[in-house]
Amino acid sequence: MNTTRRLLFTAPLAAVALGGAAFYTILERMEANKYDPHALPSPLIGKKPPAFNLPGLNGAAGFANTDIAAPPRPMLVNWFASWCLPCAEEAPMMAQLAKTGLPIWGIAYQDNAAALANYFAQYGNPYARLALDTPGLTAINWGVYGVPETYLIDKDGIVRWRWAGAITDDVLANGLNPLLAKYS
Amino acid sequence: MIPELGHFALALAVALAFAQGVIGVFAPGLRDPRAMRAAPLLALSHFLAIGAAFLALIYAGVVSDFTVENVADFSSSLVPLIYRISGTWGNHDGSMVLWCFILSLCGATVAAFGGNLPASLRARVIGVLGLVSGGFLLFTLTVSDPFTRIWPPPLDGAGVNPILQDPGLAFHPPVLYTGYVGFSVAFAFAIAALIEGRIDAAWGRWVRPWALISWCFLTAGITLGSWWSYYTLGWGGYWFWDPVENAALLPWLTGTALLHCAIVVEKRESLKAWTVLLAIATFSLSLSGTFLVRSGILNSVHSFAAAPDQGLFILALLGLTVGGSLLLFAIRAPALAAAGVYAPLSRESALVVNNIFLCSIAAVVFVGTLYPPFSDLLFGVQLSVGAPFFNQTVLPLTAPLILAMAVGPLLPWKRAALKPALERIWLAAVAAIIVMLVMTEQTNAITALGLGGGVWVVLSALSDIAERTKLGRVGLGDSVTRLRAMPRAAFGAALGHIGFGVLVLGIAGMTLATQKVVVLNAGQSADLGGYSWTLNDIHDAPGPNYAQRVADVTISDNGKAFLTLHPSRRMFTTPKVITNDAAINTNGFQDIYVVFADEPASGGAELRLNRHPLAPEIWFGGLIMALGGALSLSDRRLRVGAPARKKKAKVAGVAAE
């Protein structure tokens, strides 16, 4: 029996041993309160969003990371989709926020022009600018958990806050508004 | 008194399981026939002991004995009887007892029906099952005891979580667990074979029915769970790539690979070490899936709160089971040599391709599921991996699998040519391409690809059956005779593939789902998907342990009302929770799905209207797959492995698979 074959057959054991050791460390860290698996922090917080350049609706201009690199005032980037029910439920909140003069730029995740047109006809279009992430790759780069998801970007173009899920009155009062006051 | 008896039975089960394990594993080495005969008896008594403990726990739930902490925390005297019973396994401690009960059932089944196995192999299989069971029973008894008493007892229990008060969920855990745990038998066979150092065609034939029956249950369990989340959670989704769902999908993927691989061992004595590794991997994934989620390491919506000391105990058990079996694999498996050789294009190669794709999908899902805790450990960045990642990565791997799975069953063993196989399914290919072209025009490329792929798989499996029965080339009566003479295993395999095709159709159809959230006052209507949806009335209705508000929604097509649905909001008192009970009407090809989401202060009703094309096909597909497995299981060859019968079938003129 050759050595290569023996080594190959030891590989699963080695992989599992490594994995087991890692899990042990993770459990230890959980006990020491150094790791909370239920937290959903975004790796983008404190950083600029990764490079992207997305097209707009029906040939209109979309936007790129350079467009939100230094906005004149804090702004929101809202990931949504016409097929997403929680997004539709969030639509009145977005409209309300847009009315306050807060710029909201939308990125439609895995969507198409016709469905988006219907969506806007029904729920209104609160977005100052709109981009389409049809293949969904930019969403992976941002670490989007699902739609809707909203990012607060300050005047230096740095992500300050991320909310996965629809923004409710409670999230607005306790999460977004204090930060908006801080960064404007 | 009864809970104490249950507790005692649990302790007795621990002792019996370890005795079964030690005697079963070591007796064959000592060549002690009396000890070998003791193993099956120990397995049966172990099953009786844990069965008694399980019944005692159910009894405590049924009579609402709130001196038992488990019952006080997770049940209530107001809950209907069926949910007092199912509440027993709706929490961490109780579900451990169910888990161990099913594991002991597997051991008892091998003991009772394994009469045709060589005595030493049977003793070792039972022994391995006993050792695994002993470990988890010890865990249940020491750190997760469901029989803990409290004094003074509360006047009433805290209640059963209302979303768990559902017939779908009452049966989902037992079915799913049977699937998970059933793979322990294939695992035990693999370990026993490694200890004996011998794997042959007979081993393949013994292992396959066990793998097949667990696969049927796992398929049915996942389907039930998906269906439950579809109709209870009220947002019309059927799969969320949640860690718990992935934990069920992973053993399903490797288990499917195992099923196909065991055929190669049985027919051709090849791929032995790989089959053994798959058997180990499938059960290890079942174990890790069930328990990593409980340890709290993975962020999941299905939270079973578990203390960290339980996490360490679980990790140690997993390490012993998985690590021990892989150590044995590393030592013994290199000696397993393949007997059969095959050409690059043959049934064997097709099954290898199937394995490569299934295992790649499993690897991708595995990495995506475990990436969050590991990235935190290795890179100090905490991040989330959600549906975008899984959708992007699984689709490109599933497409070639779909393409290949239609061709594979048509290739003969040893050496094949592509042309005759393709000639048999050109009709399916043409139909699939037409569907794809038409749907690309009408919808979008992904949906078209899915629908075309589904049609391709279903039609090619049907044309395989047509070919075997010579439909159209001989008289109809002759075809029927051929159909009846066709081996059930072949029919089951075709049905399994058809089920998968139907599932693909359903998933593709669901990408065309349309939905709308509206606030309507009585008498107002909204338009969606070509229908007009009218809210007639909102009224109160009584419920057994909840109060409910019901909305009457009439759906009409071109002014002709054809359906009235009654979605409701249920207000439970213990615990205080409101659930939305979706009203779903299905015609087999489309679901009309209405949720009564809220009653806004401004009046009227907030309704979520959904039209889901082909949604039922998702669950039909899962069901057909499980039925295909069951049909294949009923094949006489699998049950008794009688070679005499096989010859007879050949005389009847049916192509051997």
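(A) A look at the overall build of chain A. Of regular secondary structure, chain A possesses five helices and seven strands. Listing the helices and strands of chain A from first to last along the sequence gives α-β-β-β-α-β-α-β-α-β-β-α. The C-alpha extent of chain A, read off along each of the three principal axes, is 70 × 40 × 30 Å. Relative to all contacts within chain A whose residues are 6 or more apart in sequence, the contacts with residues 24 or more apart total 71%.

(B) Inspection of the overall build of chain B at higher detail. Looking only at helices and strands, one finds 21 helices and ten strands in chain B. Projected onto the principal axes, the alpha-carbon positions of chain B cover approximately 80 × 75 × 55 Å. Relative to its 657 residues, chain B shows a buried fraction of 57%. Residue pairs at least 24 apart in sequence account for 72% of intrachain contacts in chain B once pairs closer than 6 positions are excluded. Carbon and sulfur atoms make up 67% of the accessible area of chain B, which totals about 26,500 Å².

(C) Layout of the sheet that holds strand 8 (residues 583-586) of chain B. Residues and elements named next belong to chain B. Taken in spatial order, the four strands make up an open sheet running 1-10-9-8, and their pairing is antiparallel. Strands with a single pairing partner mark the edges of an open sheet, and in this sheet they are strand 1 (514-520) and strand 8. Taking each pair of neighbouring strands and ignoring which way they run, the sheet shows an average axis angle of 15°. Sheet topology note: the strand 9 (residues 590-598)/strand 10 (residues 605-613) ladder contains eight bridges and is antiparallel.

(D) Quick peek at the pairing of strand 8 of chain B. Residue and element names in this part refer to chain B. When strand 8 meets strand 9, the two strands line up antiparallel, connected through four bridges. Across the sheet, residue asparagine 585 finds its bridge partner in strand 9, namely isoleucine 592. The hairpin turn running from strand 8 into strand 9, its antiparallel successor, is three residues long, and glycine 588 in that turn takes a positive phi close to 95°.

(E) Focus on the pattern of salt bridges. Residues and elements named next belong to chain B. Tallied over the entire structure, the rule returns 19 salt bridges over all chains. For lysine 272, the salt bridge goes to glutamate 269, with nearest N and O atoms at 3.9 Å. Lysine 272 sits in the buried class, given a relative accessible area of 10%. The shortest N-O distance in the salt bridge between lysine 419 and glutamate 423 comes to 3.4 Å. Here lysine 419 and its partner glutamate 423 are both found in helix 14 (residues 418-424), four residues apart, which amounts to about one turn of the helix. On the basis of relative accessibility, which here comes to 49%, the residue glutamate 423 falls in the partly exposed class.

(F) Just the domain arrangement of chain B, in detail. Considered domain by domain, chain B is made up of domain 1 (1-159), domain 2 (425-511 + 617-651) and domain 3 (519-613). The straight-line distance from the C-alpha centre of domain 1 of chain B to that of domain 2 of chain B is 40 Å.

(G) Here's a closer look at the sheet that holds strand 5 (residues 129-133) of chain A. Residue and element names in this part refer to chain A. Pairing in this open sheet of five strands is mixed, and the strands run 5-4-3-6-7 from one edge to the other. In this open sheet, the two edge strands, each paired with only one partner strand, are strand 5 and strand 7 (159-164). The mean angle between the axes of side-by-side strands here comes to 20°, regardless of whether they run parallel or antiparallel. For strand 3 (residues 75-80) and strand 4 (residues 104-109), the ladder comprises five bridges, and the chain directions are parallel. Each bridged residue has a counterpart across the sheet, and for asparagine 78 the counterpart in strand 4 is glycine 106. Across the sheet, helix 3 (residues 113-123) lies against strand 3, strand 4 and strand 5, angled at about 120° from strand 3, the strand it touches most. In this fold helix 5 (residues 169-183) packs onto strand 3, strand 6 (149-153) and strand 7, with an angle of close to 165° to the strand it touches most, strand 7.

(H) Molecular detail of the packing of aromatic side chains. According to the stated counting rule, one finds 30 aromatic pairs over all chains in the structure shown. In this structure an aromatic cluster arises from ring pairing among Phe52(A), Phe63(A), Trp79(A), Trp105(A), Trp142(A) and Tyr151(A).

(I) Inspection of the side chain of Asn91(B) at higher detail. Note on placement: Asn91(B) falls in the loop between helix 4 (81-86) and helix 5 (92-113). Owing to a relative accessible area of 2%, Asn91(B) belongs among the buried residues under this scheme.

(J) Looking closely at the interface of chain A and chain B. With 44 residues of chain A at the contact, the number on the chain B side is 46 residues. With both sides pooled, the region where chain A packs onto chain B buries about 3,900 Å², and carbon together with sulfur makes up 67% of that total. Looking at the side of chain A facing chain B, the largest losses of area belong to Phe9(A), Phe23(A) and Leu85(A), adding up to 18% of the total buried there. Our enumeration of links across chain A and chain B arrives at one salt bridge. We note a salt bridge from Arg608(B) to Glu89(A), for which the minimum N-O separation is 2.9 Å. Between chain A and chain B we count six residue pairs in polar contact (both at pLDDT 80 or more) in total. Of all the secondary structure elements, the ones that give two or more residues to the side of chain A that touches chain B are helix 1 (3-31), helix 2 (85-99), helix 3 and helix 4 (137-142) of chain A. Per-element accounting of the side of chain A that touches chain B gives the leading share, 19 residues, to helix 1 of chain A. Residues that form the side of chain A that touches chain B fall into these classes: 27 nonpolar, nine polar and eight charged.

(K) Layout of the domain arrangement of chain A. Partitioning chain A into structural domains gives domain 1 (1-39) and domain 2 (53-183). Averaged C-alpha coordinates put domain 1 of chain A and domain 2 of chain A at centres separated by 39 Å.

(L) Summary view of the layout of surface pockets. Its boundaries defined by the atoms lining it, the second largest pocket holds a volume of some 1,000 Å³. Taken together, 34 residues form the lining of the second largest pocket, with Val16(A), Ser284(B), Leu285(B), Val322(B) and Phe366(B) sitting closest to its centre. When contributions to the lining of the second largest pocket are tallied by element, the ones reaching two or more residues are helix 1 of chain A together with helix 9 (243-268), helix 10 (272-294), helix 11 (308-332) and helix 12 (347-379) of chain B. Element by element, the count of residues in the lining of the second largest pocket is highest for helix 10 of chain B, at ten residues. Partitioned by chemical class, the residues of the lining of the second largest pocket number 25 nonpolar, nine polar and no charged.

(M) Region of the structure containing the environment of Asp552(B). Residue and element names in this part refer to chain B. You can see aspartate 552 is positioned in strand 4 (residues 546-557). Look past the residues within four positions of aspartate 552 in its chain and what remains in contact with it is Thr534, Leu535, Asn536, Asp537, His539, Leu565 and His566. Engagement of the side chain of aspartate 552 in a polar contact is seen with the side chain of histidine 539, the distance being 3.3 Å.

(N) Structural detail: the packing of helix 7 (residues 167-196) of chain B against helix 8 (residues 201-232) of chain B. All names here are of chain B. Running from N to C, helix 7 and helix 8 cross one another at 155°; their axes reach a closest spacing of 8 Å. In this view, helix 7 runs roughly antiparallel relative to helix 8, as classed from their interaxial angle. Judged by the sense of rotation from one axis to the other, the crossing of helix 7 with helix 8 is left-handed. A class-by-class count of the residues in the contact of helix 7 with helix 8 yields 24 nonpolar, eight polar and no charged.

(O) Representation of the pairing of strand 10 of chain B within the structure. Residues and elements named next belong to chain B. Of all nine residues in strand 10, seven are buried, a share of seventy percent or more. Relative to strand 10, strand 1 is paired through seven bridges, and the arrangement is antiparallel. The partner of glutamine 515 across the bridge, within strand 10, is asparagine 610. In this structure, the hairpin formed by strand 9 and strand 10 is closed by a connection of six residues, where glycine 603 is found at a positive phi of approximately 100°.

(P) Region of the structure containing the confidence of the model for chain B. Taken over all residues, the pLDDT of chain B has a mean of 86, while the share at 70 or more is 93%. Here residues 640-657 of chain B scores under 50 on pLDDT; set against residues more than four positions off or in separate chains, the count is 20 contacts.

(Q) Seen up close, helix 16 (residues 445-468) of chain B. For helix 16 of chain B, with 24 residues, the first-to-last C-alpha span of 34 Å sits near the 34 Å given by 1.5 Å per residue. The buried fraction of helix 16 of chain B is high, at 17 of 24 residues.

(R) Fine view of unusual backbone geometry. With omega at -5°, the peptide bond leading from Val147(A) into Pro148(A) counts as cis. Tracing the backbone shows Pro148(A) in the loop between helix 4 and strand 6. Along the chain, Trp151(B) connects to Pro152(B) via a cis peptide bond; the corresponding omega equals -5°. Tracing the backbone shows Pro152(B) in the loop between helix 6 (119-143) and helix 7. Of note in the backbone geometry, Asn58(A) takes a positive phi value of approximately 50° without being a glycine.

Scoring rules and cut-offs
Per chain, residue numbering runs from 1 following the sequence as it is written. Written order decides the labels, with chains lettered from A and ligands numbered from 1. Local features are withheld for residues below a pLDDT of 70 in this predicted model, meaning they are given only at 70 or higher, and side-chain atom pairs are given and counted only at 80 or more; totals for whole chains, interfaces and linings count all residues. Each side-chain value is worked out from all heavy atoms of the structure, with water and hydrogens disregarded. Each helix is a run of DSSP H or I of at least 4 residues and each strand a run of E of at least 2, with the numbering of both proceeding from the N terminus. Between two residues, a contact is recorded if the distance between any of their heavy atoms is within 4.5 Å. Burial classification: accessible surface area is computed with a 1.4 Å probe over protein chains only, and a residue below 20% of its type maximum counts as buried, one above 50% as exposed, and the rest as partly exposed. Areas reported here follow the Shrake-Rupley algorithm with a probe of radius 1.4 Å; residue values treat only the protein chains shown as occluding. DSSP calls a pair of strands paired once it identifies at least 2 bridges connecting them. Only C-alpha atoms enter the line fits that serve as axes; for helices the fit covers just the stretch in contact. Angles between N-to-C directions range over 0 to 180 degrees. In the sections that follow, a salt bridge refers to a side-chain nitrogen of Lys or Arg positioned within 4 Å of a carboxyl oxygen of Asp or Glu. Domain boundaries shown here were taken from an automatic or database domain assignment. Pairing of aromatic rings covers Phe, Tyr and the six-membered ring of Trp, with a centre-to-centre limit of 6.5 Å; geometry is then stacked below 30 degrees between planes, edge-to-face above 60, and tilted otherwise. By convention, the term buried area covers the 1.4 Å-probe accessible surface removed from two parts as they join, with the contributions of both added. As used in this structure description, the phrase polar contact means that two N or O atoms lie within 3.5 Å; if the pair is within protein, one of them must be able to donate a hydrogen and the other to accept it, and residues adjacent in sequence are counted only when both atoms belong to side chains. Here the nonpolar group is Ala, Val, Leu, Ile, Met, Phe, Trp, Tyr, Cys and Pro; Asp, Glu, Lys and Arg are the charged ones; every other residue, Gly included, is treated as polar. Residues are said to line a cavity or pocket when one of their atoms sits within 4 Å of a point; the points come from a 1 Å grid over protein atoms alone, cavities being sets where a 1.4 Å probe fits but cannot get out and pockets being open sets with protein on both sides within 12 Å along at least five of seven lines. Grid points are joined across faces, edges and corners, and a volume is the space filled by probe spheres set on the points. We call two directions roughly parallel when the angle between them is under 35 degrees, roughly antiparallel when it is over 145, roughly perpendicular when it lies between 65 and 115, and oblique otherwise. Two helices that cross are described as forming a left-handed crossing if the nearer one is turned anticlockwise from the farther one by less than a right angle, and a right-handed crossing if clockwise. pLDDT expresses, on a scale from 0 to 100, how confident the predictor is about each individual residue. Given a helix with a known number of residues, its expected span is that number minus one, times 1.5 Å.

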